[in-house]
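Architecture at a glance
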Amino acid sequence: MANLCVILGDQLSTQISSLDKIKPKKDWVLMAEVKNEASYVKHHKKKIAFVFSAMRHFAEELQESNYQVHYTKYLDDDNKGSIFEQVKAFCDAHEVDNIFIAHPGEHRLWEDVQCWHDKLNVKVEITPDNRFIADKAFFSEWAQGRKQLRMEYFYREMRKQQKVLLDEGEPVGGKWNYDEKNRESLPKGHKLPKPDSFKPDDTTQEVIELVTNTFSDHFGNIENFHYAVTRKQALNVLSSFIENRLPAFGKYQDAMAQGEPWMYHSHLSLYINTGLLMPMEVIKAAEQAYHDGSAPLNSVEGFIRQILGWREYVRGFYWHFMPDYLSKNFFLAQRKLPEFFWTADTKMNCLKQCITETRDNAYAHHIQRLMVLGNFALLAGLSTKEVNEWYLIVYADAYEWVELPNVSGMILFADGGKLASKPYAASGSYINKMSNYCQHCEYSVKEKTGEQACPFNYLYWHFLIRHKEKLSNNHRMSMIYNTLSKMDEDKVNRMYDDAEDFLKRMSKNEEV
Ligand code: FAD
Ligand code: DLZ
Ligand code: SF4
């Protein structure tokens, strides 16, 4: 008789709570590369390669620590195609006392695990998901009785609870948030540090071959795979971020530049989300850089807010509102996702750049996801369901717990304002201010109507007019609706017509 610990592909940490429940040599660990997880949406090729290679390396690491690992590779003859079927086959062949599994990150899998006990007649214990700092209950308690669930206030609670960047209970420097210093665009000719790159070893090569042959119909380029696949490598990415990028992270956090996918971002999300790095060790490394004087407060606070604030907040938010959150669609957005979201074949240079980089790297930085891709999806009224699926597919760091609140809540305002106080809608001038994309575009960002006009400009007003009834009583929108009411009627009509024409052409997949 023995116990079985099931480790999912995004739980690759020796600190994972389920592993504490079993004993090396005596008990078993089960890991499996399965069709259900790799294809429930058609994940980007690089995402599958990253997860499978990281899983294989982690299994080896466990074996080196004397754990008995039952690992099923994707093409193994006894691969049953789902985590449950894999566990069932193991239980049929062995006498299993208890199954331990850390709380799955996604609701669908958590629901599935709820039924394992009945189906297998084996005791199943779901242990806490300690890849997060706050537990689920902390968010629910914080949310209770609040009219609004703004991230900023949750973040302050987390800073206090975890004693991060605190000086006798007060925020270091006197303020909780230094975002007003974090809005610079990248100066012309600025030299950026190179991203960390790891040469694929034999295990990764084998996985790349598998993905190339088996997932050829999935989105994305598999060439030039350079991501870390072990904890040791991920720790290297962390330390080189702290040294080379963190000092300028804040200043250029919102900047975008032609041909520069990596900027001063950390590129750590895929490692934190799979357990290769723990959020608190990343936060502590950044905090230490501030105390050592090697990074300024606006950068360190801004970076820590993303992890201790946003990451923890969206995860709590997800579990608080699931499963109802999946069907939220405040604007009833249902326009089909245009082909160019897959091909990058569009004259709109900002979108072309962001989609091409997404296809090449399974990565785009936050402001590209939010203010270019997300902003366009919002303004064009693209289907909430399809946009969510697209984001879940294309990024190596995407799991529903983080993707859904960011997409439905942050970019599409599909929850009617539970997460954001107003839609993040912007015209082309925002993109022009924060990037040099417009300088390389066939459209003119200065023009508001006509063939040459930037589509973001007329789509912006079209969006506001379309949803006036739903938005005009939002006090944060009153200024913009006031401006609209004073605009020349002819000009407004021309913009509206241009937007209608654009959307019609886009829906027919004509080149736009
Ligand atoms: P950095 O800019 O260096 O930020 C540091 C860390 O903060 C990230 O590694 C991440 O762990 C965390 N973080 C930052 N912003 C957020 C946020 N809004 N929500 C949660 N964590 C955050 N992040 C994902 O991890 N997975 C997703 O599927 C995902 N989908 C997104 C979809 C949209 C529409 C938007 C607007 C944002 C999304 N994000 C997602 C958040 C953010 O864009 C990515 O975490 C970030 O771009 C990852 O790159 P980085 O590691 O270089 O981040
Ligand atoms: C993302 C992913 C992929 C592509 N493949 C697997 C897999 O084959 N086996 C596995 O255990 N996990 C995989 N994962 C991660 C899971 O999808 C993830 O655990 C759930 O989405 C819950 O967050
Ligand atoms: Fe994007 Fe408009 Fe600028 Fe072109 S002009 S890059 S479409 S914002």
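Structure: see above.
This structure is a prediction, so every number in the text was calculated from the model and none was measured.

How each quantity is defined
- Residues numbered from 1 in each chain as written.
- Chains lettered and ligands numbered in written order.
- Predicted model: local features only at pLDDT ≥ 70, side-chain atom pairs only at ≥ 80, totals over all residues.
- Heavy atoms only, no water.
- Helix = DSSP H or I, 4+ residues; strand = E, 2+ residues; numbered from the N terminus.
- Rg over C-alpha atoms; globule rule 2.2 N^0.38 Å.
- Buried < 20%, exposed > 50% of the residue type's maximum accessible area, 1.4 Å probe, protein only.
- Contact = heavy atoms within 4.5 Å.
- Areas by Shrake-Rupley, 256 points an atom, 1.4 Å probe, with all protein chains shown as cover.
- Lys, Arg positive; Asp, Glu negative; His and termini not counted.
- Charge placed at Lys NZ, Arg CZ, Asp CG, Glu CD.
- Near = heavy atom within 4 Å.
- Polar contact = N/O pair within 3.5 Å; in protein donor to acceptor, adjacent residues only side chain to side chain.
- Phe/Tyr/Trp six-rings, centres within 6.5 Å; stacked < 30°, edge-to-face > 60°.
- Lys NZ or Arg CZ within 6 Å of the ring centre and 35° of its normal.

Helix and strand counts for the protein stand at 23 helices and seven strands. A compact globule built from 512 residues should have a C-alpha radius of gyration of about 24 Å, and the protein, at 24 Å, falls within 12% of that. With the principal axes as the frame, the protein shows a C-alpha extent of 80 × 55 × 50 Å. Taking all 512 residues of the protein together, the buried fraction comes to 58%. Nonlocal contacts in the protein, meaning residues at least 24 apart in sequence, comprise 76% of its contacts between residues at least 6 apart. By element, 46% of the accessible surface of the protein is carried by carbon and sulfur atoms, the whole surface being about 22200 Å². Side-chain charges in the protein split into 63 positive and 70 negative, and the spacing between the mean points of these groups amounts to 5 Å.

In this section: the site of ligand 2. The environment of ligand 2 is made up of 18 residues, and the closest members are Gly9, Asp10, Ala32, Val34 and Glu37. Note that an oxygen atom of ligand 2 is positioned 2.7 Å from one of the side-chain N or O atoms of Glu37. When ligand 2 sits alone it has 490 Å² of accessible area, and the protein chains cover 100% of it. The set of elements that each furnish at least two residues to the shell around ligand 2 consists of helix H1 (35-39), helix H2 (45-64) and helix H4 (107-114). It is H2 that provides the largest number of residues to the shell around ligand 2, a total of three residues.

As a further point, take the packing of aromatic side chains. If you walk through the whole model with that rule in mind, you get 45 aromatic pairs. On the numbers, 5.6 Å between centres and 25° between planes, the contact of Tyr252 with Tyr264 is stacked. Remark: Tyr264 occurs in the loop between helix H10 (246-249) and helix H11 (269-273) and Tyr252 occurs in the loop between H10 and H11; sequence separation between them is 12 residues. An identical accessibility class is assigned to Tyr252 and Tyr264; each is buried. Summarising the aromatic geometry, the rings of Tyr460 and Trp461 are spaced 5.1 Å apart at their centres and angled 75° between planes, so their arrangement reads as edge-to-face. Ring pairing ties together the aromatic residues Phe219, Phe340, Phe341, Trp342, Phe376, Trp390, Tyr391, Tyr395, Phe456, Tyr458 and Phe502, which thus form one cluster. Here the guanidinium or amino end of Arg108 rests over the ring plane of Tyr40, the centre of that ring lying 3.7 Å away.

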